[in-house]
Amino acid sequence: MGFLKACIKETMRLFPVVIGNGRCTTSNYVIGGYQVPKGVQVIFQHYVMSNLDEYFPKSSEFIPERWFHRDPNSTRHNFSSLPFGFGKRMCLGRRFADLEMQILIAKIIANYKIEYNYPQLDYHIHPMYTPNGPLKFRFQRR
Ligand code: HEM
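All figures in this text were calculated on a predicted structure; none of them were measured in a lab. (Residues numbered from 1 in each chain as written. Predicted model: local features only at pLDDT ≥ 70, side-chain atom pairs only at ≥ 80, totals over all residues. Heavy atoms only, no water.)

Caption draft 1: Here's a closer look at the overall build of the protein chain. For the protein chain, the count of helices and strands is three helices and eight strands. Its helices and strands taken in sequence order, the protein chain reads α-β-β-β-β-α-α-β-β-β-β from the N to the C terminus. Dimensions of the protein chain along its principal axes, counting C-alpha atoms only, are 60 × 35 × 30 Å. The buried share of the protein chain, reckoned over its 142 residues, is 23%. Counting only contacts in the protein chain whose residues sit at least 6 apart along the sequence, the fraction spanning at least 24 positions is 56%. Entry remark: accessible area of the protein chain is about 10600 Å², with carbon and sulfur atoms responsible for 59%. Separation of charge centres in the protein chain, based on 19 positive and 10 negative side chains, amounts to 9 Å. (Helix = DSSP H or I, 4+ residues; strand = E, 2+ residues; numbered from the N terminus. Buried < 20%, exposed > 50% of the residue type's maximum accessible area, 1.4 Å probe, protein only. Contact = heavy atoms within 4.5 Å. Areas by Shrake-Rupley, 256 points an atom, 1.4 Å probe, with all protein chains shown as cover. Lys, Arg positive; Asp, Glu negative; His and termini not counted. Charge placed at Lys NZ, Arg CZ, Asp CG, Glu CD.)

Here it is in structure tokens:
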């Protein structure tokens, strides 16, 4: 189950369903040296951060093992992959969604062999970040 959880995390790092979180400033702030006045909508593009080599070496590669142990020399920022957002308004259904994904995928894999013999899926924002086109998987009962 640990490997499956790491696969889900890695998938959401590469392809976060929600690509950014928005917040409206309630006071004047200085963020990264920029003056941001009260009342401005600030978007945190965690999709960009979670796909940078700076935080995730070989960021374009699917490497679930990177979630197993935190390398003490790692440059990863704790906010560099936030598929469920963060803070008071973070996803209310996070635990539910995580459990749903884990149980569903574990059950499917226990019962079926899955093949995908087509080009890499093309992702678009509609407005969730999801594959653009049919998911042509082949399921074979084990
Ligand atoms: C993979 C599945 C899901 C992802 C990636 C996801 C992601 C998110 C994100 C990024 C936010 C905004 C968080 C922020 O602004 O900090 C959010 C908000 C929210 N999500 Fe999810 N979500 C998922 C599934 C669910 C499910 C299954 C439920 C309900 C059962 C749910 C209920 C909510 C609610 C109610 C909010 C608004 C929270 C608030 O504004 O206080 N989500 N979700």
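Caption draft 2: Representation of the site of the ligand in the model. Lining the immediate environment of the ligand, one finds 15 residues, of which Arg23, Gly85, Phe86, Arg89 and Cys91 sit closest. In the model, an oxygen atom of the ligand is placed 2.7 Å from a nitrogen or oxygen of the Arg23 side chain. Contact between the ligand and Arg89: an oxygen atom at 2.7 Å from a side-chain N or O atom of the residue. Within the residue set of the shell around the ligand, elements represented by two or more residues are β1 (21-24) and α3 (94-111). Looking at which element gives the most residues to the shell around the ligand, the answer is α3, with three residues. For the shell around the ligand, the per-class residue count stands at ten nonpolar, three polar and two charged. (Near = heavy atom within 4 Å. Polar contact = N/O pair within 3.5 Å; in protein donor to acceptor, adjacent residues only side chain to side chain. Nonpolar A, V, L, I, M, F, W, Y, C, P; charged D, E, K, R; others polar.)

Caption draft 3: Expanded view of the UniProt feature "binding site: heme" (unreviewed entry) in the protein chain. Per the UniProt record, "binding site: heme" (unreviewed entry) is found at Cys91. Along the polypeptide, Cys91 turns up in the loop between α2 (46-49) and α3. For Cys91, a relative accessible area of 35% puts it in the partly exposed group. (UniProt positions renumbered as here; feature names shortened; annotations may be inferred.)

Caption draft 4: Main features of the packing of aromatic side chains. Considering all chains together, one arrives at ten aromatic pairs under this definition. With centroids separated by 5.1 Å and ring planes inclined at 65°, the aromatic side chains of Tyr47 and Tyr129 adopt a geometry described as edge-to-face. With Tyr47 in helix α2 and Tyr129 in strand β7 (residues 129-131), the pair connects residues that are 82 residues apart, well separated along the chain. The class for Tyr47 is partly exposed, based on a relative accessible area of 27%. (Phe/Tyr/Trp six-rings, centres within 6.5 Å; stacked < 30°, edge-to-face > 60°.)

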